[in-house]
Number of protein chains: 4
Amino acid sequence: MPRSTVHTVDVTFGDCDPAGIVFFPNFSRWMDAASLSFFMQCGVPPWRELAKTRGIVGTPLLEINTRFTKAATYGERLTIATHVDEWRAKVFVQVHRITRLRADGGEDLICEGREVRAFVMRDAQDGDRLRAMPVPDDIRALCS
Amino acid sequence: MPRSTVHTVDVTFGDCDPAGIVFFPNFSRWMDAASLSFFMQCGVPPWRELAKTRGIVGTPLLEINTRFTKAATYGERLTIATHVDEWRAKVFVQVHRITRLRADGGEDLICEGREVRAFVMRDAQDGDRLRAMPVPDDIRALCS
Amino acid sequence: MPRSTVHTVDVTFGDCDPAGIVFFPNFSRWMDAASLSFFMQCGVPPWRELAKTRGIVGTPLLEINTRFTKAATYGERLTIATHVDEWRAKVFVQVHRITRLRADGGEDLICEGREVRAFVMRDAQDGDRLRAMPVPDDIRALCS
Amino acid sequence: MPRSTVHTVDVTFGDCDPAGIVFFPNFSRWMDAASLSFFMQCGVPPWRELAKTRGIVGTPLLEINTRFTKAATYGERLTIATHVDEWRAKVFVQVHRITRLRADGGEDLICEGREVRAFVMRDAQDGDRLRAMPVPDDIRALCS
């Protein structure tokens, strides 16, 4: 079983659109927060520090795929369960499952997102360029 | 050739993250704006009016798939070309291609998003519930 | 002493701008969440319900005034203490104080916001128009 | 007369809240974009370049004051007129006036914001610290 972490989100009024439901890009925003929270809960230092010590500035996305099954609205608390589904040489696949507790104790799946991410560092020559780098072994070990 | 519309976005400082590049959920936000812009450029009235006249409150997403190829940053102007790639009975697939003009006159593909959307209306019994409805023929005709 | 509630926020990577600090409109977003959280912690039903039972759709802002004293960044937890500083006939003044715990047990003031808000309802004739209404006595009693 | 620039914003569906009107922190976001647009229209290079050449990383806010007079909604185009109202030794006051054209050719004031901002640079010793600096004479000359 891969390591899995949990991140909770309380949906606010401003997260919702004129239809009264969560404006969907917020789910991407929360999955990104859950992604970072995953690394920090696994013991990886914040990008801010890794940028200085190892040049790693983050894990930008190469691809996202999200399926929405139920709407959510403000006043609700959502739970995001996150794990890495696949580690490849230069990319990894992170999966986020967002659910809401039902009154009967069960849970509703709100949406599920699959993200392909890569670790990137600044280019030695041109600091404005970001370059993909191999998945660092120590980070992978912490997160598996 | 399906009908295609263009929507432009000027990337702002606040759209970018500590790595200095566009925080990716903003691409979803812009694609959503491009989606609505597509319908309005095709002559479909705003949801606000359709909610009153026909009960249609919008076209929420069932699924998104976005591939990111290049980063973008503030001060840049992006172009989003939008069309409907496929009309099914109850859903449609909208494609957004976000590009940036290069100095040499060519264009860089920043990302491409594929959205599965459905038209929804409020449930007659429970106004808080949204229900998927068949794609309206007149709207499809305007947008093809 | 007026009633005061506490709302916490975990700053995420995407909340920060290319300077690496919280993009300031997010403070307004969090204060709005703290404002709603205040009402809910005081026992006021969500606007969604009040819209149906009493026509109240929310407490939009007439004016905001925020002073920023220190920057905050991702990975930090912020605390928002909220109270109503003044109740007038048609408006009220809500104050939000955002702080961060220091390692020495003290707290840093990040910013303080003062919001003038009014309760609004939909106009009986034109449902698209929002009208300010007198502060409801029962809500005021719950929140004082 | 101080130099004034104009920045336009097309309000999107996702900029609006469940009451169907612009979620107010978006006005702060747009004023920030108008602030940067002001500097760029005045001929000041982007912060990204100034960070490298002169260490200037931006003009964070010390205080904002915004008065809201009318609501705006999606499908509307807003105009933001921006000027610097006051230059002091270490700070400047920037004013943004957001209006909407009426059908009769007049304009509605949506809101007006007054921002106190300072130029900041990274601390020489501790690159994570930002320090206020005197308003650069050349930038002031370009913007007056």
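These remarks concern the structure in this document. (Residues numbered from 1 in each chain as written. Chains lettered and ligands numbered in written order. Predicted model: local features only at pLDDT ≥ 70, side-chain atom pairs only at ≥ 80, totals over all residues. Heavy atoms only, no water.)

**Re the overall build of chain A**
- When helices and strands are tallied, chain A shows 3 helices and 8 strands.
- Along chain A, from the amino end to the carboxyl end, the secondary structure elements read β-α-α-β-β-β-β-β-β-β-α.
- On the principal axes, the C-alpha backbone points of chain A span a range of 55 × 35 × 25 Å.
- Burial status across chain A gives 55% buried among its 144 residues.
- Computed over 19 positive and 19 negative side-chain charges, the separation of the two mean positions in chain A equals 3 Å. (Helix = DSSP H or I, 4+ residues; strand = E, 2+ residues; numbered from the N terminus. Buried < 20%, exposed > 50% of the residue type's maximum accessible area, 1.4 Å probe, protein only. Lys, Arg positive; Asp, Glu negative; His and termini not counted. Charge placed at Lys NZ, Arg CZ, Asp CG, Glu CD.)

**Remarks on the relation of the copies chain B and chain C**
- Of the two same-sequence chains, chain B is brought onto chain C (RMSD 0.0 Å, axial shift 0.0 Å) by a rotation of 180°. Such a combination of rotation and displacement between the chain copies is what one expects of a two-fold axis. (Least-squares fit on C-alpha atoms with pLDDT ≥ 70 in both.)

**Digging into the pattern of salt bridges**
- With the rule as written, the count across this model stands at 52 salt bridges over all chains.
- A salt bridge links E86 of chain B to R88 of chain B, with the shortest nitrogen-to-oxygen separation between them at 2.8 Å.
- On the basis of relative accessible area, E86 of chain B is assigned to the partly exposed category, the value being 30%.
- A salt bridge links D85 of chain C to R114 of chain C; its shortest N-O distance comes to 3.3 Å. (Salt bridge = Lys/Arg side-chain N within 4 Å of Asp/Glu carboxyl O.)

**What about the interface of chain C and chain D?**
- Facing the 21 residues of chain C at the interface are 21 residues of chain D.
- Counting the surface lost from both chain C and chain D, the interface buries some 1,900 Å², and carbon and sulfur atoms represent 64% of this.
- Three residues stand out in chain C for area buried against chain D, namely F24, I64 and F68 of chain C, and they jointly supply 27% of the buried area on that side.
- Here E63 of chain C makes a salt bridge to R67 of chain D, at a shortest N to O gap of 3.8 Å.
- Per-element tally for the side of chain C that touches chain D: the top contributor is strand β3 (residues 61-68) of chain C, with 8 residues.
- Class assignment for the residues of the side of chain C that touches chain D results in 11 nonpolar, 3 polar and 7 charged.
- Bridge count between β3 of chain C and strand β3 (residues 61-68) of chain D: 5 bridges; the pairing is antiparallel. Directly across from I64 of chain C, in β3 of chain D, lies its bridge partner T66 of chain D. (Contact = heavy atoms within 4.5 Å. Buried area = accessible area lost by both parts, 1.4 Å probe. Nonpolar A, V, L, I, M, F, W, Y, C, P; charged D, E, K, R; others polar. Pairing = 2+ DSSP bridges.)

**A closer look at helix α1 (residues 25-41) of chain A**
- With 17 residues, α1 of chain A should cover 24 Å at 1.5 Å per step; its first-to-last C-alpha distance of 24 Å lies within 8% of that length.
- By the criterion of burial, α1 of chain A is predominantly enclosed, with 15 of the 17 residues buried. (Expected span 1.5 Å × (residues − 1).)

**Some thoughts on the environment of V116 of chain C**
All names here are of chain C.
- Along the chain, V116 turns up in strand β6 (residues 107-117).
- You can call V116 buried: its relative accessible area is 17%.
- In sequence terms V116 and V95 are 21 residues apart; their C-alpha atoms lie 8.9 Å from each other.
- Non-local contacts of V116, meaning those with residues more than four positions away in its chain, are made with P60, L61, L62, E63, V91, F92 and V93.

**A closer look at the relation of the copies chain C and chain D**
- Between chain C and chain D, which share one sequence, the superposing operator has a rotation angle of 180° and an axial displacement of 0.0 Å; the RMSD is 0.0 Å.
- Interface overlap between copies is the fraction of interface residues in one copy that are interface residues in the other; for chain C against chain D it reaches 100%, indicating a shared surface.

**What to know about the sheet that holds strand β8 (residues 130-133) of chain D**
Residues and elements named next belong to chain D.
- Overall, antiparallel pairing links the 3 strands, which are arranged β2-β7-β8 in an open sheet. Strand pairing shows two members of the sheet lacking a second neighbour, β2 (56-58) and β8, which therefore form its edges. The average angle at which neighbouring strand axes cross in this sheet is 50°, direction not considered.
- Sheet analysis places β2 next to strand β7 (residues 119-122), joined by 2 bridges and oriented antiparallel. The partner of G58 across the bridge, within β7, is V120. (Axes fitted to C-alpha atoms, helices over the stretch in contact; angles between N-to-C directions.)

**Looking at the side chain of E76 of chain B**
Residues and elements named next belong to chain B.
- When you line up the elements, E76 lands in the loop between β3 (61-68) and β4 (77-87).
- From its side chain, E76 meets the backbone nitrogen of T73 in a polar contact 3.0 Å long.
- Non-local contacts of E76, meaning those with residues more than four positions away in its chain, are made with V9, D10, V11 and R100. (Polar contact = N/O pair within 3.5 Å; in protein donor to acceptor, adjacent residues only side chain to side chain.)

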